[in-house]
Amino acid sequence: MSDRPPPPAEGETDEYVDADDRRIGVAFRRSIWIIGAVALAGLLLYLGTHRPQPAAPFTEAKVQAPAAPERAAVAAPAARFTDVTEASGIDFVHHNGAYGEKLLPETMGGGVAVIDVANDGRADLLFVDSGSWPWKAAQPRYPTLKLYRNDGHGRFHDATAGSGLESLRLYGMGVAIGDFDNDGYDDIVVTGVGGIRLLRNLAGTGRFEDVTRRAGIGSAPQDWNTCAAFVDFDNDGLLDLFVCRYVRWSPDIDRQMDFRMTGIGRAYGPPNSFEGSYPRLFRNNGNGTFTEVSEKAGLRVVNPATGKPIGKSLGVLPIDLNGDGWMDLVVANDTVRNFLFLNRHDGTFKEAGAESGIAYDVNGNARGAMGIDAAYYRNDRDLAVNIGNFANEMSALYVGGGATPRFEDLAIVEGIGAPTRQNLTFGVLFFDYDLDGRLDLFHVNGHIEDQINKVQSSQQYAQPMKLFWNCGAACQHSFVEVPAAQAGALSKAIVGRGAVYADLDGDGDLDLVVTQIAGPALVLRNDQASGNHWLRVRLQGSGKVNRDAIGSSVELTAGAVTQRRQVMLARGYLSQVERTLTFGLGKSAGVQRLAVHWTDATTQEVAVSQVDREIRITKPAAP
């Protein structure tokens, strides 16, 4: 049995279900019946008016189908990831405040972010805790944020005390990093149930100031804020803030639903029983304040049958999807259709998820979407959007693009469909773990119901992480799952949620940090020994390009292969990766071309004299 209830029967009225989904399904099935009836009538008419003629003698020709080209099996290189959590000094443990009542937010939290506190190039780490429920006075209290500073070699110390973060109390969910005031230092947004906080970095001193109220970023008690992203949606050089909300929730609503599982009793309820919510967009005014422009921007998608919000958002990916130089937004929704907000260049967006092919699966059904990432994984012009979905729903791999974006789900064709069907996938990331120049794919899995195995024998609460090696054109499928025996610490079963990558120890390859619900974080050091070359690129904007260069992109050509990356920190589930771009070069010891496409529509070409190092590129000042 499923731990989520079936959708309403056809024709029923359910104010929480997307009416467009139902109408599309009904229209599609009626069309099939009509086409079938017309075809059958035509066949009967033909047979009634045409008598069979004697067949002319013939000689059967021997036809041999062309043999399909055989491709040799290619084994994925071993993933040498080592669990160095304790040795690194990271001792963060997520708390969800669960005490037996089974309230839905207890299943969802745990973001993590890479932050460069002092702008010294070191990958510091910031973890989001949920803590305890405020009405449970006897439970211990935990700070919402824990900050760890990096010594540059992958060893950390807890720097929360005295940072100004230690007094923050919020049932935390996600985190966003960005320099909203363009002063050269990473600022913080943390989201949670009933609140958002904006924390300004005080000039790299290790201290932060809560400027939420002054900035005009508010949140209602019933708001369940999830993922967030800094993005310059209007190309004015200032980072705006996009915040997703999940469902309209309160403890009383959850208790009244009184969800039950056979043989277990009280259980965590499915989101399709809760009313949806709108995402929010705050425009940066350039003076330390923000103005909410969500409705004006066209982000309030409603169910036409009920007038209520459709969105139940857990993942957001800001990306220039159609190559027009303006940032679009792909939003992953749980149990309702995904959104694609195309930037119209005038401060508004067009929602085009259904027409683009990103909204549904191949059968026209919405899925339980969690985390999201995107990449040019084939090193061509086709973009792939990967979305992790609920258990018994394979992850999506929408591939396509174009000026009017069109996508097709190629999860099965490219090798990730069947291996991901059983998992409940939260964090998803494209990254090149072996530096061969092809982006691989990492999934973090874990169920929401701790007793799920009692009702579904095929499901487990703790689930192994999965790594898919990008095989390129040499294999039948682009992605090959790295076997557990060769995955190192990634084969460990965890109740995973968020994940980020960064070069924590300064050796050029990308390490991983993973969070768990109500459990310890993991630091997984990449000990790959491929001998492949690499180049790390860090951009800095100026003028009409935000200082973080978020939204700018880099094209790098090495060994006749051109790779493309866009600077975007918001990736995966509730988390933020490092800002520096990492290019694996394989055996190429040189770079033929490197071009930076800034968000002000200018291009800067940079000569690269040496590889296996990090370079910094600053946008030249306007003449």
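Engineer: How do you make sense of the overall build of the protein when you look at a structure like this?
Structural biologist: In terms of helices and strands, the protein carries six helices and 39 strands. With 623 residues in all, the protein has 57% of them scored as buried. Intrachain contacts of the protein at a sequence separation of at least 6 include 62% that bridge at least 24 residues.

Engineer: Can you walk me through the pattern of salt bridges in this structure?
Structural biologist: For side chains of opposite charge, pairing can occur when their charged atoms come near one another. Under the defined criterion, the tally for this structure stands at 41 salt bridges. Among the ionic pairs, Arg381 bridges to Glu555, the shortest N-O distance being 3.4 Å. One end of the pair, Arg381, is in the loop between strand 20 (369-375) and strand 21 (383-389); the other, Glu555, is in strand 34 (residues 553-558), and 174 residues separate them in sequence. Since its relative accessible area comes to 60%, Arg381 is described here as exposed. The salt bridge partner of Asp503 is Arg536, with a shortest N-O separation of 3.8 Å. One end of the pair, Asp503, is in the loop between strand 30 (496-502) and strand 31 (511-516); the other, Arg536, is in strand 33 (residues 533-540), with 33 residues separating them in the sequence.

Engineer: Would you mind showing me how to read the confidence of the model for the protein here?
Structural biologist: Any region with low pLDDT has predicted coordinates that should not be read closely. Summary statistics for the protein give a mean pLDDT of 90 and a share of 88% for residues scoring 70 or more. The model gives residues 5-35 a pLDDT under 50, and that stretch makes 32 contacts with residues more than four places away or in other chains. Contacts of residues 37-69 to residues separated by more than four positions or lying in other chains number zero contacts, the stretch itself having pLDDT below 50.

Engineer: How should the sheet that holds strand 31 be read in this particular structure?
Structural biologist: One key point about sheets: their strands pair by backbone hydrogen bonds, in either a parallel or an antiparallel sense. One open sheet accounts for four strands, arranged 1-32-31-30; its pairing is antiparallel. Sheet topology places strand 1 (81-83) and strand 30 at the edges, where each strand pairs with a single neighbour. The mean angle between the axes of side-by-side strands here comes to 25°, regardless of whether they run parallel or antiparallel.

Engineer: Could you clarify how one ought to interpret the sheet that holds strand 37 (residues 593-597) in this entry?
Structural biologist: Taking strand neighbours across the sheet as the criterion, the four strands line up as 35-34-37-38 in an open arrangement whose pairing is antiparallel. The sheet is open, and its two borders are formed by strand 35 (561-566) and strand 38 (603-605), each paired with just one other strand. Strand-to-strand twist in this sheet, taken as the mean axis angle between neighbours without regard to direction, amounts to 15°. Where strand 34 meets strand 37, five bridges bridge the pair, whose relative direction is antiparallel. Within strand 37, the residue paired with Ser553 across the bridge is His597.

Engineer: Could you clarify how one ought to interpret the state of the cysteines in this entry?
Structural biologist: Structurally, a disulfide amounts to a covalent bond that connects the sulfur atoms of two cysteines. Scanning all chains against the criterion turns up one disulfide. Sulfur-sulfur distance for the disulfide between Cys471 and Cys475 comes to 1.7 Å. Between Cys471 and Cys475 the disulfide shows an S-S torsion of about 45°. By sign, it is right-handed. Among the residues examined, Cys471 registers a relative accessible area of 4% and is labelled buried. The thiol sulfur of Cys227 is not disulfide-bonded, and the nearest other cysteine sulfur, from Cys244, lies at 3.2 Å. Of the residues examined, Cys227 reaches a relative accessible area of 4% and is grouped as buried.

Engineer: Help me understand the packing of aromatic side chains, please; the structure alone is not making it clear to me.
Structural biologist: One pair of aromatic rings is described through two measures. These are the centre distance and the angle between the planes. Under the criterion given, the structure shown has 17 aromatic pairs. For the ring pair Phe127 and Tyr148, a centre distance of 5.7 Å and an interplane angle of 90° mean the geometry is edge-to-face. Taken together, the positions of Phe127 in strand 3 (residues 124-128) and Tyr148 in strand 4 (residues 145-150) put the pair 21 residues apart, joining distant regions of the chain. Each member of the pair Phe127 and Tyr148 is classed as buried. Residues Phe180 and Phe290 carry aromatic rings whose centres are separated by 5.8 Å and whose planes lie at 45° to one another, so their mutual orientation is tilted. Of this pair, Phe180 sits in the loop between strand 6 (171-178) and strand 7 (187-193) while Phe290 sits in strand 15 (residues 290-292), and the two are 110 residues apart along the sequence.

Engineer: Please clarify how unusual backbone geometry should be interpreted in this entry.
Structural biologist: The phi angle of most residues is negative, glycine excepted, and most peptide bonds adopt the trans form. Within the chain, Ala518 stands out as a residue other than glycine whose phi angle is a positive 50°. Positionally, Ala518 belongs in the loop between strand 31 and strand 32 (522-526). In this structure Ala518 comes out as partly exposed when scored by relative accessible area, which is 44%. The phi torsion at Asp612 lies on the positive side, around 60°, for a residue other than glycine. Relative to the elements of secondary structure, Asp612 occurs in the loop between strand 38 and strand 39 (613-618).

Engineer: Which parts of the structure should I look at to understand the pairing of strand 32?
Structural biologist: For a regular strand, the rule is simple: side chains alternate between the two faces of the sheet. Within strand 32, four of the five residues are buried, leaving the element largely enclosed by the surrounding structure. Direction of pairing for strand 1 relative to strand 32: antiparallel, over a ladder of three bridges. From the neighbouring strand, Thr82 faces strand 32, where its bridge partner is Arg525. Pairing between strand 31 and strand 32: three bridges, direction antiparallel. Pairing of Val514 across the sheet is with Leu522, part of strand 32.

Conventions and cut-offs
Residues numbered from 1 in each chain as written. Predicted model: local features only at pLDDT ≥ 70, side-chain atom pairs only at ≥ 80, totals over all residues. Heavy atoms only, no water. Helix = DSSP H or I, 4+ residues; strand = E, 2+ residues; numbered from the N terminus. Buried < 20%, exposed > 50% of the residue type's maximum accessible area, 1.4 Å probe, protein only. Contact = heavy atoms within 4.5 Å. Salt bridge = Lys/Arg side-chain N within 4 Å of Asp/Glu carboxyl O. pLDDT = per-residue confidence, 0-100. Pairing = 2+ DSSP bridges. Axes fitted to C-alpha atoms, helices over the stretch in contact; angles between N-to-C directions. Disulfide = S-S within 2.5 Å. Phe/Tyr/Trp six-rings, centres within 6.5 Å; stacked < 30°, edge-to-face > 60°.

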